[in-house]
Amino acid sequence: MFESMNKTQAAVAILEQVKAYYQTFMQQPPYQVGDRISYASRVFDEHEMMNLVDSALEFWLTSGRYTDQFEKQLAAYLKVPNCSLVNSGSSANLLAFMALTSPLLQERAIQRGDEVITVAAGFPTTVTPIIQYGAIPVFVDVTIPQYNIDVSQLEQALSPKTKAVMLAHTLGNPFDLNAIKAFCDAHKLWLVEDNCDALGSVYTLDGQDRFTGTIGDIGTSSFYPPHHMTMGEGGAVYTANPLLHKIVRSLRDWGRDCVCPSGKDNLCGHRFDKQYGELPQGYDHKYVYSHFGYNLKATDMQAAIGCAQLEKFPSFVTKRQHNWQRLRDGLADLQDKLILPEAAPHATPSWFGFLISCKDGVNRNKLVQHIESKNIQTRMLFAGNLVRHPCFDQMRHSGNGYRAVGSLEVTDRIMNDTFWIGVYPGMTDEMIDRMIDVIKDEIKG
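Everything quoted here is computed from the prediction, not taken from an experiment.

Caption draft 1: How the structure looks around the overall build of the chain. Of the regular secondary structure elements, the chain holds 13 helices and 14 strands. Expected size for 445 residues packed as a compact globule is a radius of gyration near 22 Å; at 23 Å, the chain falls within 12% of this value. Looking at the chain as a whole, 53% of its 445 residues qualify as buried. Long-range pairs, those at least 24 residues apart, make up 73% of the contacts in the chain between residues at least 6 apart in sequence. When the accessible area of the chain is evaluated, it comes to approximately 20000 Å², of which 52% is carbon and sulfur surface.

Caption draft 2: Summary view of the pairing of strand β3 (residues 136–140). A large share of β3 lies buried, amounting to 5 of its 5 residues. Covered by surrounding structure in β3 are Ile136, Val138 and Val140 together with Pro137 and Phe139, the residues of both alternating faces. As paired strands, strand β2 (residues 115–119) and β3 are joined by 5 bridges and run parallel to one another. Bridge pairing in β3 places Glu115 opposite Ile136.

Caption draft 3: The arrangement of the environment of Ala120 in detail. Note that Ala120 resides in the loop between β2 and α5 (128–133). Along the chain, Ala120 and Asp185 lie 65 residues apart, while their C-alpha atoms are 23 Å from each other. Setting aside chain neighbours within four positions, we find Ala120 in contact with Phe139, Val140, Ala383, Gly384, Asn385, Leu386, Val387, Leu408 and Thr411.

Caption draft 4: Region of interest: the sheet that holds β2. Strands sit in the order β1-β9-β8-β5-β4-β2-β3-β13 across an open sheet of 8 strands; the sheet is mixed. What marks the edges here is a single partner per strand, and that holds for β1 (82–86) and β13 (403–404). When β2 meets strand β4 (residues 162–168), the two strands line up parallel, connected through 3 bridges. Across the sheet, Val116 pairs through a bridge with Ala164, a residue of β4. Of the strands in this sheet, β2, β4 and β5 (190–194) are in contact with helix α7 (residues 177–187), which crosses β5 at around 150 degrees.

How each quantity is defined
Residues numbered from 1 in each chain as written. Predicted model: local features only at pLDDT ≥ 70, side-chain atom pairs only at ≥ 80, totals over all residues. Heavy atoms only, no water. Helix = DSSP H or I, 4+ residues; strand = E, 2+ residues; numbered from the N terminus. Rg over C-alpha atoms; globule rule 2.2 N^0.38 Å. Buried < 20%, exposed > 50% of the residue type's maximum accessible area, 1.4 Å probe, protein only. Contact = heavy atoms within 4.5 Å. Areas by Shrake-Rupley, 256 points an atom, 1.4 Å probe, with all protein chains shown as cover. Pairing = 2+ DSSP bridges. Axes fitted to C-alpha atoms, helices over the stretch in contact; angles between N-to-C directions.

Structure, rendered in structure tokens:
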């Protein structure tokens, strides 16, 4: 087939076949009542598949031109100067926190034993980097129906050892950035925004609309399939601080001091003529390490998918908002039995899911099992209360390793009474209405 073609012509022919394959075999049939309604799913078309194959034909494999394109386009969307693509949202959180431990930050660097304010009602990888480094998470309770940190408890959480606040925007709903930012500025604390469930959410701060993830010192995203956009695995770290960006890049790329990307040498022009540490004069700069780092890069094939997803992303946000509002309107007459979610003040969320808390007289487990029996997926608010999990057994029994403000009463209530259903952009109005009907059938009997 390719004998009469040059390389470019052959690639075009292959990509046209990929397009035809998608259109023939990959398009989803219309929803029928009784079909599985997932809490989240990939939304894509032939463009993601064509980009993926285009990258595969190039066979660069590690980060390359698509990575550069994705980092620039995501940074432009978020209106932030620096973005680093990584291999997962968990790695993004790890890099964001590790960056704050760098000796380049001098007296502001987080040390082992320092404290970081966070919450237990969320996903564990917001907290895991704190614990693994040897810092102390300080857990603050949350509020319902926003499901974010109770800012009235911030001063109680503060101690002379506090160095940072690291929080997630819960299911797309921004936490109180006005209060948190003011608190961090007043006490010279770092602020890490885990934006993995909130990409596209907007918060109005000092009269200016800004994307969540760009208001603190560092923001993170995840591109795992259920998230706001996907590249399979993948994540990102973004910051307006050039020093933090430099540290993140070093830690992501094995801890290197060199900033040359894969496949490039000697961009600085001084690869063999400088002195580093106690190394010999002129030691190859590509193998000088200023941090203890990892290889946390994504592949260019993942980035290729991400570039196609970014083109669709504004429409994803709009559809999530539509689906969330349709759910809320449809369930509004159940508010004597259920607590429905509310957007935070000053926020326009890019919703990840629709949270529901059961009031007295409604059994969460019974309701969830009924919904699941109708082929509709549900999810808990992740850990519910993270400190109740087996991974905290040793710390809980020893009394070491973390601190909590009060009894985390609301967090426990979420653990016992709360669940959520999806609003992902592939959902149709018929799917949303089916979920409403199923919930009403069980609540109203």
